[in-house]
Amino acid sequence: MKDVYMRRRALITATVMLLSLAAFTPASSALSPGPERQDPTQRVAAQKLKWTPCFKRKVDASYRRLQCADIKVPLDWKKPNGKKITLAISRLKARKKPKGVVFTNPGGPGAPGWSLPLVFVDANRTRLLDTMDIIGIDVRGTGYSTQASCRKVSGSLIKDTRNRSAANIEHLLALGEKFAKSCQDSGSKKLPSKYVTTAQTVYDLEWIRRNLKTSDGKKVKKIHWVGYSAGTWLGAYYARKWPKATGRFVLDSVTDFSGTWQADFDRQAKGFQDRFHQFARWAARHDGEFALGTSQKAVVAKYEEIRAGIVEQGWTELEYYDGGTVNLYPSGLDSTIMGALYSKYDFSDLGYFLAALSASAGQGARKRPPAGLAQDPDAGYSPTFDNIVCNDTPNTRGPSALVAYTEKTGAKYPLTGYDRITDPCAHWKKTPGQLKLPRPAGRGLPRLLMIQSVLDPATPYSGAVKAHKAYGNSRLITVKNEGDHAIYAGDNLCVDTLVEKYLIDGVYPKKDRTCAGIAPPAPRGEGMRARDRAVNPLLRVRELAGLRFG
């Protein structure tokens with residue numbers, strides 16, 4: 001998931017992006033159940049998918065099995081025989097006779113997903129690879145599918161959301177309004193903003209299922225699901241809309257899909273602050289390496305000192321190892337920290353980054369960030385993200401309420417609490433007559449298996465518990481002493497075992513379960529070679545996306 005409202009366009013390293021996540025509309029079904037003729041997916045001519053190798057360039061032999069195809073879907077599922085758009089999908093065929101088909105989604109909402117099947121190759125999920133066809137999807141608006149777009153907003157650099165001067169508040173609110181208008185008034189003609197929603201995407205998924213065959217040529221009657229972050233929102237809505245086509249659904253790092261995107265993002269300020277405090281305790285235990293302080297309080301104070309120095313100077317110049325430079329503004333510092341909190345394997349790089357800034361404070365010298373500092377797994381700001389979040393669910397805050405909210409939240413959770421002031425949803429004009437779906441809550445729904453770490457900053461634990469309670473037929477696996485965002489196919493054997501017993505064998509836990517988290521590793525030493533591959537599955541999917549098509 002990701003927000004924290006990815007409004008910080010001032011990214012400061014080539015590998016650190018802004019953050020983003022998820023939310024949707026609690027409305028009753030606009031397409032009421034009834035005769036089959038009322039199902040729009042039954043009113044469109046079937047398509048035969050043409051699978052071809054995804055890569056023309058030379059890649060690892062284990063990746064060459066990945067196949068890609070395009071499929072046409074209606075622009076608007078309320079008019080299924082109208083204009084069409086294209087979705088890009090991928091398939092990793094089961095190495096043995098397939099027991100089923102697993103759809104996957106990396107969240108965002110709107111993150112490209114074509115490379116996600118390869119994450120399970122890297123993670124050596126042998127049983128999954130042997131028994132399941134694994135499908136990756138670039139949902140509408142993103143990746144190699146028909147793209148959503150928003151006009152570039154001039155003067156969109158966000159220097160400091162903590163600056164509460166009247167002039168800066170006016171500037172930040174104006175940016176939020178410009179962001180909204182740039183998507184709604186000047187977006188893609190091929191895929192206008194109003195058609196980039198969870199509801200439209202849920203129908204896309206069902207259309208893919210109906211046109212898909214297993215690798216041994218059989219119809220796909222049910223799909224299984226592995227959805228991370230905002231992919232939990234999408235998976236839950238699919239299960240609610242298409243219960244008879246819902247197989248074994250795994251939701252990892254859970255959004256509160258029973259509520260709104262606004263409520264879900266509201267939890268992030270505390271979530272990121274708590275996770276930052278976990279990092280601070282870790283850094284304090286390694287003060288001999290970083291010299292940031294010997295207690296959580298001291299490390300947080302050092303961050304505030306570094307930030308205040310940047311505010312006083314206006315910015316500080318960073319130099320990359322390749323000699324390139326970029327200006328780091330106060331909000332850029334916050335964004336960098338946030339991006340490093342998704343995975344404990346980035347704690348080391350974050351420690352060295354802050355240590356370098358601290359050591360060179362006031363010297364006017366360039367501060368060089370570590371080369372390995374990872375980008376945010378949910379991939380920053382995107383038109384698809386804004387369109388889904390602002391179209392899906394109601395937003396109750398106008399500009400004046402947004403100022404008051406961020407003032408209060410920022411005082412309690414200063415790392416990210418001020419950021420929502422540029423929220424475009426506060427200025428979004430709702431389009432009447434949009435396709436809607438029933439909320440995934442209540443009894444009698446398909447089973448869901450939920451995975452959640454207790455200190456996840458992007459999808460905080462409290463939201464997962466709320467979704468679990470609202471959705472009657474679910475089990476929650478709580479990962480204690482852990483804060484990573486996205487757990488399955490990472491480093492937790494307990495979680496991997498429970499997930500695959502259900503996903504592959506159909507063994508559903510009789511009750512909620514707990515797994516122990518994995519402690520953050522010791523500092524690896526500044527300048528030491530970073531890992532060849534990210535351990536975190538969402539960080540890895542971003543790396544794999546860089547392979548691109550040939």
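The rules we used
Residues numbered from 1 in each chain as written. Predicted model: local features only at pLDDT ≥ 70, side-chain atom pairs only at ≥ 80, totals over all residues. Heavy atoms only, no water. Buried < 20%, exposed > 50% of the residue type's maximum accessible area, 1.4 Å probe, protein only. Helix = DSSP H or I, 4+ residues; strand = E, 2+ residues; numbered from the N terminus. Contact = heavy atoms within 4.5 Å. Pairing = 2+ DSSP bridges. Axes fitted to C-alpha atoms, helices over the stretch in contact; angles between N-to-C directions. Phe/Tyr/Trp six-rings, centres within 6.5 Å; stacked < 30°, edge-to-face > 60°. Lys NZ or Arg CZ within 6 Å of the ring centre and 35° of its normal. Parallel < 35°, antiparallel > 145°, perpendicular 65-115°, else oblique. Left-handed = near helix turned anticlockwise from the far one by under 90°. Nonpolar A, V, L, I, M, F, W, Y, C, P; charged D, E, K, R; others polar. Expected span 1.5 Å × (residues − 1). 1 Å grid on protein atoms, 1.4 Å probe; cavity = no way out; pocket = protein on both sides within 12 Å on 5 of 7 lines; lining within 4 Å. Points joined across faces, edges and corners; volume = space filled by probe spheres on them.

**Student:** I keep staring at helix α10 (residues 330-340) and nothing clicks. Help me out?
**Tutor:** Think of an α-helix as 3.6 residues a turn; residues three or four steps apart then line up on the same face. Among the 11 residues in α10, 11 count as buried, and that is most of the element. For α10, the set of buried residues is Pro-330, Ser-331, Gly-332, Leu-333, Asp-334, Ser-335, Thr-336, Ile-337, Met-338, Gly-339 and Ala-340. On its buried face, α10 is in contact with α7 (268-285), α9 (296-313), β9 (325-328) and α11 (347-359).

**Student:** Even after reading the chapter, I still don't get the sheet that holds strand β2 (residues 67-74), so can you show me in this structure?
**Tutor:** What links the strands of a sheet is backbone hydrogen bonding, and the strands pair in either a parallel or an antiparallel sense. Taken in spatial order, the 10 strands line up as β1-β2-β3-β5-β4-β6-β7-β10-β11-β12 in an open sheet, and their pairing is mixed. Both outer strands of the open sheet, β1 (52-53) and β12 (513-516), are each paired with one neighbouring strand and no more. Sheet analysis places strand β11 (residues 474-480) next to β12, joined by 4 bridges and oriented parallel. Within β12, the position partnered with Val-479 by the bridge is Cys-515. Relative to strand β7 (residues 246-252), helix α15 (residues 493-503) is tilted by about 165°, and along the sheet it contacts β4 (100-105), β5 (132-138), β6 (223-228), β7, β10 (448-453), β11 and β12.

**Student:** Please clarify how the packing of aromatic side chains should be interpreted in this entry.
**Tutor:** Remark: the centre distance and the inter-plane angle together describe each pair of aromatic rings, the angle taken between the planes. Per the stated rule, a full pass over the model turns up 23 aromatic pairs. Pairing Phe-272 with Tyr-342 gives two aromatic rings, centres 5.9 Å apart and planes at 65°, and the pair type is edge-to-face. Placement of Phe-272 in helix α7 and of Tyr-342 in the loop between α10 and α11 is noted, with a sequence separation of 70 residues between them. Owing to a relative accessible area of 0%, Tyr-342 belongs among the buried residues under this scheme. Where Trp-282 meets Phe-290, the ring centres are 5.4 Å apart and the plane angle is 45°; that geometry is what we call tilted. For Phe-290, a relative accessible area of 3% gives the class buried. Three or more aromatic residues joined by ring pairs form one cluster here, namely Phe-276, Phe-279, Trp-282, Phe-290, Tyr-303, Phe-347 and Tyr-352. The ring of Trp-242 is capped by Lys-241, whose NZ or CZ atom sits 5.5 Å from the centre of that ring. For the cation-ring pair, Arg-397 lies above Tyr-405, with the distance from its terminal atom to the ring centre recorded as 3.6 Å.

**Student:** Could you clarify how one ought to interpret the packing of helix α4 (residues 198-211) against helix α5 (residues 230-241) in this entry?
**Tutor:** Any two packed helices are characterised by the angle at which their axes cross and by the distance between the axes. Packing of α4 against α5 leaves a shortest axis separation of 10 Å and a crossing angle of 65°. Classified by the interaxial angle, the pair formed by α4 and α5 is roughly perpendicular. Note on packing geometry: the crossing formed by α4 with α5 is right-handed. Contact residues: Thr-198, Thr-201, Val-202, Tyr-203, Leu-205, Glu-206 and Arg-209 in α4; Trp-233, Leu-234, Tyr-237, Tyr-238 and Lys-241 in α5. Tallied by class, the residues present in the contact of α4 with α5 amount to 7 nonpolar, 2 polar and 3 charged.

**Student:** Even after reading the chapter, I still don't get unusual backbone geometry, so can you show me in this structure?
**Tutor:** Excluding glycine, residues mostly carry a negative phi; peptide bonds, for their part, are mostly trans. That bond from Gly-108 to Pro-109 is cis: its omega, -5°, falls within 30 degrees of zero. For Pro-109, the position within the fold is in the loop between β4 and α1 (116-122). Phi at Asn-124 takes a positive value of approximately 55°, unusual for a residue other than glycine. Along the chain, Asn-124 turns up in the loop between α1 and α2 (126-131). Positive phi outside glycine occurs at Ser-229, with the angle close to 55°. Tracing the sequence through the fold places Ser-229 in the loop between β6 and α5. Ser-229 sits in the buried class, given a relative accessible area of 0%.

**Student:** I keep staring at α11 and nothing clicks. Help me out?
**Tutor:** The end-to-end C-alpha distance of α11, which contains 13 residues, comes to 18 Å, matching closely the 18 Å that a straight helix rising 1.5 Å per residue would cover. Most of α11 sits out of view: 11 of its 13 residues are buried. Within the span of α11, buried status applies to Phe-347, Ser-348, Asp-349, Leu-350, Gly-351, Tyr-352, Phe-353, Leu-354, Ala-355, Leu-357 and Ser-358. Next to the buried residues of α11 lie α7, α8 (287-290), α9, β8 (316-319), β9 and α10.

**Student:** Would you mind showing me how to read empty space enclosed by the protein here?
**Tutor:** Over the atoms rolls a probe the size of a water molecule, and its path tells where empty space is left. Counted under the stated rule, the structure contains 5 cavities of 30 Å³ or more. The space that makes up the largest cavity amounts to roughly 110 Å³. Asn-105, Pro-109, Gly-110, Leu-234 and Ile-388 are, among the 14 residues lining the largest cavity, the residues nearest its centre. Broken down by secondary-structure element, the contributors of at least two residues to the lining of the largest cavity are α4 and α5. It is α5 that contributes the most residues to the lining of the largest cavity, 4 residues altogether. Class assignment of the residues belonging to the lining of the largest cavity gives a composition of 8 nonpolar, 6 polar and no charged.

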